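One letter stands for each residue in the lines below.
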Amino acid sequence: SSPFSLSLYYTNFFHIMNKLYIIILSSLLFICLSCQQQTPKTQIEQTAIDFCEAFYNFNYPVAQELSTPSSLSYLSFWASNVRQVHLNQLKTQGAAKATVISSEIDANTERATVVCQIKNVLIINPVNGKTKQINTLQDTLELTREYDKWLIKKDIPLRNGKQNHD
């Protein structure tokens, strides 16, 4: 056998071993991440962040997936106000980002309240369609556990960033 074919054999062997090594490491990482159980607190907080970022970035289909069925009319109302000009404005200004300020869970009623701070918000006036950029606002979200998932309950109109319970 020639030295060339032996060199080719070792090159192929190391190439295959390298791929196998990457596949094994990727599999182990995936298994480790899959096994991590989120606590209810981290679940509700992540749901709240995901909802706020979807809602305030006009991604209403994602917001709807994170909401109770009773929230559909509320989200549909806001979605009906979004025009291409608003999407262009949002793209220029950059995405809204949410963080959790506080969260409380009532395990007995399977309800939770999360207060989020949202930065870089574009608000659309539903009457005249004009927009207003707000650097920071707070949104108080009510969550309920349905179908083994924490969902946002957004069927009560907001007034001044707080739920209106009148």
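The structure this text deals with has already been given above.
In this text the structure is predicted, and so the values were computed from the model without any measurement. (Residues numbered from 1 in each chain as written. Predicted model: local features only at pLDDT ≥ 70, side-chain atom pairs only at ≥ 80, totals over all residues. Heavy atoms only, no water.)

Engineer: Describe the overall build of the protein chain, naming the residues involved and giving the relevant values.
Structural biologist: When you go through the protein chain residue by residue, the secondary structure sums to five helices and six strands. Listing each helix as α and each strand as β along the protein chain from the N terminus yields α-α-α-α-α-β-β-β-β-β-β. Here the protein chain holds 166 residues, and 31% of them are scored as buried. Taking as baseline every contact in the protein chain between residues at least 6 positions apart, the subset at least 24 positions apart corresponds to 55%. Summed over all atoms, the accessible surface of the protein chain reaches about 11,200 Å², with 59% contributed by carbon and sulfur. (Helix = DSSP H or I, 4+ residues; strand = E, 2+ residues; numbered from the N terminus. Buried < 20%, exposed > 50% of the residue type's maximum accessible area, 1.4 Å probe, protein only. Contact = heavy atoms within 4.5 Å. Areas by Shrake-Rupley, 256 points an atom, 1.4 Å probe, with all protein chains shown as cover.)

Engineer: Account for the pattern of salt bridges, with residues named and values stated.
Structural biologist: Tallied over the full model, the rule gives five salt bridges. Of the charged contacts, one joins Asp-139 and Lys-154 as a salt bridge, the two residues approaching to 3.2 Å between their closest N and O atoms. Pair noted here: Asp-139 is in strand β3 (residues 131-146) and Lys-154 is in the loop between β4 (149-153) and β5 (158-159), with a separation of 15 residues, a long-range link. Comparing Asp-139 with Lys-154, the two get one shared label, buried. One salt bridge connects Asp-148 with Arg-145, and the closest N-O pair in it is separated by 2.8 Å. On the basis of relative accessible area, Asp-148 is assigned to the exposed category, the value being 61%. One connected set of salt bridges, linked through shared partners, spans Glu-110, Arg-145 and Asp-148. (Salt bridge = Lys/Arg side-chain N within 4 Å of Asp/Glu carboxyl O.)

Engineer: Account for the environment of Ala-112, with residues named and values stated.
Structural biologist: Relative to the helices and strands, Ala-112 resides in strand β2 (residues 111-124). Not counting chain neighbours up to four residues away, the residues in contact with Ala-112 comprise Ile-44, Glu-104, Ile-105, Leu-141, Glu-142, Leu-143 and Trp-150.

Engineer: Residue-level account of the nonpolar core, with values.
Structural biologist: In this structure, Phe-51, Phe-55, Tyr-56, Ile-118, Leu-141 and Leu-143 are the most contacted members of the largest nonpolar core, which totals 31 residues. Those elements giving two or more residues to this core turn out to be α2 (40-55), α3 (60-65), α4 (72-79), β2, β3 and β4. Each residue touching Leu-141, except ones within four places of it in the same chain, is listed here: Ala-48, Phe-51, Cys-52, Ala-112, Thr-113, Val-114, Cys-116, Ile-152 and Lys-154. (Core = buried A, V, L, I, M, F, W, Y, C linked by side-chain atoms within 4.5 Å.)

Engineer: Any chance you could break down the packing of aromatic side chains for me, citing the residues and the numbers?
Structural biologist: Per the stated rule, a full pass over the model turns up seven aromatic pairs. On the numbers, 6.4 Å between centres and 70 degrees between planes, the contact of Tyr-74 with Trp-78 is edge-to-face. A residue pair is termed a helical-turn pair when its members lie 3 or 4 positions apart in one helix, as Tyr-74 and Trp-78 do in helix α4 at four residues. Its relative accessible area of 11% is what places Tyr-74 among the buried residues. A centroid spacing of 5.3 Å and a plane angle of 75 degrees characterise the contact between Phe-77 and Trp-78, whose relative ring orientation is edge-to-face. (Phe/Tyr/Trp six-rings, centres within 6.5 Å; stacked < 30°, edge-to-face > 60°.)

Engineer: Summarise the sheet that holds β2; cite the residues concerned and give the values.
Structural biologist: With antiparallel pairing, the four strands of this open sheet are ordered in space as β1-β2-β3-β4. Edge strands, defined here as strands with exactly one partner in the open sheet, are β1 (97-106) and β4. For this sheet, the mean angle separating the axes of adjacent strands, direction not counted, is 30 degrees. One ladder, built from five bridges, connects β3 with β4; its direction is antiparallel. Looking at β4, one finds that Leu-143 is bridged to Ile-152. Each of β1, β2, β3 and β4 touches α2; the most contacted strand, β1, lies at about 140 degrees to it. (Pairing = 2+ DSSP bridges. Axes fitted to C-alpha atoms, helices over the stretch in contact; angles between N-to-C directions.)

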